[in-house]
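# Reading the structure
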Amino acid sequence: MKRIILVVLSISLLLCGCGAGNNNATEEPPKDLGIYSDIVSEFRELVEYRLSPDFEEKWISDGFPDSIGFSEDMLKEGEHTNGYSNMIVEMLGYPWATSISDYGYKLFDLNGDGIDELFFVRKDVGVEDDDSVRDEDFILAILTVSDGKVKLIDAFWSRYKAAIIEGSKIYTMGSGGIAYLYNGIATIKDGKYSYEFSFGIDGFDKEKNTPLYYKGNNGTPEWITEEEFGKIAEQYPFEYGAEWKSVPLTLFK
C-alpha cells in the first residue's frame, strides 16, 4: 500500500483558540453509523496507530497498515490533502490528548438533506498550564455522503481549523504566516464546499509595506482597508454555534 505523504513531522505549532469543553460527550453511539461504520472503525485504528509509542519507527519501516485503506482513497479524491496529512501528524502534538478516549466523532446533518455529515473530533480535555492553548472539541475532518459514497470534505490541523456556525455553515480559518490569513464561510453542496463569503490577508503591499486585506462573495475578492477588515472580523468571530455544542460527542474507548 502506498504511503500517505506526511507533510510536516514537526508537531510544535499550536495556534488554536480557547473554549469550554463539550458537556455532551458519551461513550455510547448515538445512532446506527450506517454507511459510515467502516470509516469510523478505520479512523479509530488510525488514531490508535498514530498514538502508539513506536509510531515513527513503524511508519518509517512499514507505513500505514493495509487495513487502514480509506486514507489513501480519500487523498486521491479529496481537495485538501495537505490538511489531512497534517491532521494525522499532529495527533501527538497535543500533550493533553494522547489517549484513544480523547478522540471520537459527531453526526450532524449540516446541509439539511436528511443525511448526517460525519465529523472526526478531538475533545477538549483541558490544560493546567496557562501557556498552553486548546480548542473546544477540535474538528479534525468533515465527511459527507455524495452519490452514495463517503467523501472527505475537508481536514484540519493547528494552522487550519473549522467551526460550525448558524447551525448549517462551516467557518474555516487558515494561517500561512503573519501576512496570510484566510477565513471562509461555506455550506456543503453536492459533496463539496460552496463558499458564501471570505475575508483575510493576502500578502503585503510592497510600496506601502502594509498587509493586503480582502473580502469576497462567491469567490470574487476585493481589496479593503484595515478598518473595514477589523469591522468584518468583529462581525464574524470564530466561535462554535449553539447547535454544534448541543450535538453529542461519541468518544472511542
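Whatever comes next refers back to the structure up there.
These notes cover the structure that comes with them. Worth saying up front: this structure is predicted, and the values here are computed from it rather than measured. (Residues numbered from 1 in each chain as written. Predicted model: local features only at pLDDT ≥ 70, side-chain atom pairs only at ≥ 80, totals over all residues. Heavy atoms only, no water.)

### Notes on the side chain of E117
- Along the chain, E117 turns up in strand β3 (residues 117-122).
- One polar contact links the side chain of E117 to the main-chain amide nitrogen of L110, over a distance of 2.7 Å.
- Within the local environment of E117, its side chain forms a polar contact with the side chain of T144, the two groups lying 2.7 Å apart.
- Other than its neighbours up to four places away in sequence, E117 contacts Y36, K106, L107, F108, D109, L110, N111, L143, T144 and I188. (Helix = DSSP H or I, 4+ residues; strand = E, 2+ residues; numbered from the N terminus. Polar contact = N/O pair within 3.5 Å; in protein donor to acceptor, adjacent residues only side chain to side chain. Contact = heavy atoms within 4.5 Å.)

### Quick word on the pairing of strand β10 (residues 210-217)
- Both strand β9 (residues 192-205) and β10 contribute to a ladder of six bridges, which runs antiparallel. Bridged to D205 within β10 is T210.
- Note that β10 and strand β11 (residues 220-224) share five bridges and pair antiparallel. Its bridge partner lying in β11, Y214 is registered against W223. (Pairing = 2+ DSSP bridges.)

### Quick notes on the sheet that holds strand β6 (residues 160-165)
- Read from one edge to the other, the open sheet built from six strands follows the order β6-β7-β8-β9-β10-β11, with strand pairing classed as antiparallel. In the strand order of this sheet, the two ends are held by β6 and β11, each with one partner. Pairwise comparison of adjacent strand axes, ignoring direction, gives a mean angle of 20° for this sheet.
- Bridge analysis of strand β8 (residues 180-189) against β9 gives 10 bridges, and the strand direction is antiparallel. Opposite Y180, over in β9, you have D202 as the bridge partner.
- On the sheet, helix α5 (residues 226-235) packs against β8, β9, β10 and β11 and is oriented at approximately 145° with respect to β9. (Axes fitted to C-alpha atoms, helices over the stretch in contact; angles between N-to-C directions.)

### Notes on the environment of I100
- Residue placement: I100 occurs in the loop between α4 (81-89) and β2 (103-108).
- Under the relative-accessibility criterion, I100 is labelled buried at 19%.
- Beyond its immediate stretch of four places on either side in the chain, I100 contacts R44, V47, E48, L51 and F252. (Buried < 20%, exposed > 50% of the residue type's maximum accessible area, 1.4 Å probe, protein only.)

### Some remarks on the pairing of strand β5 (residues 149-155)
- Inspection of the sheet shows strand β4 (residues 138-146) paired to β5 by six bridges, in the antiparallel sense. Each residue of the ladder has a partner; that of T144, found in β5, is K151.
- A loop of two residues connects β4 with β5, the two strands running antiparallel in sequence, and D147 in this loop sits at a positive phi of about 55°.

### Quick notes on the nonpolar core
- Core analysis: the biggest nonpolar cluster contains 45 residues, and V40, L118, F119, F120 and I142 have the highest contact counts within it.
- For this core, the elements supplying multiple residues, two or more each, are α1 (37-51), β2, β3, β4, β5, β6, β8 and β12 (249-251).
- Not counting chain neighbours up to four residues away, the residues in contact with L118 comprise Y36, I39, V40, Y105, K106, L107, A141, I142 and L143.
- One finds I165, Y213, F229 and I232 within the second-largest nonpolar core, a separate group that totals 10 residues. (Core = buried A, V, L, I, M, F, W, Y, C linked by side-chain atoms within 4.5 Å.)

### Side note on the pattern of salt bridges
- Counting across every chain of the model gives six salt bridges.
- For K169, the salt bridge goes to E166, with nearest N and O atoms at 3.0 Å.
- Taking relative accessible area as the criterion, E166 reaches 52% and is therefore assigned exposed.
- Note that K169 and E196 form a salt bridge whose closest N and O atoms lie 3.0 Å from each other. Of this pair, K169 sits in strand β7 (residues 169-175) while E196 sits in strand β9, and the two are 27 residues apart along the sequence.
- If you follow the salt bridges from partner to partner, you end up with E166, K169 and E196 in one network. (Salt bridge = Lys/Arg side-chain N within 4 Å of Asp/Glu carboxyl O.)

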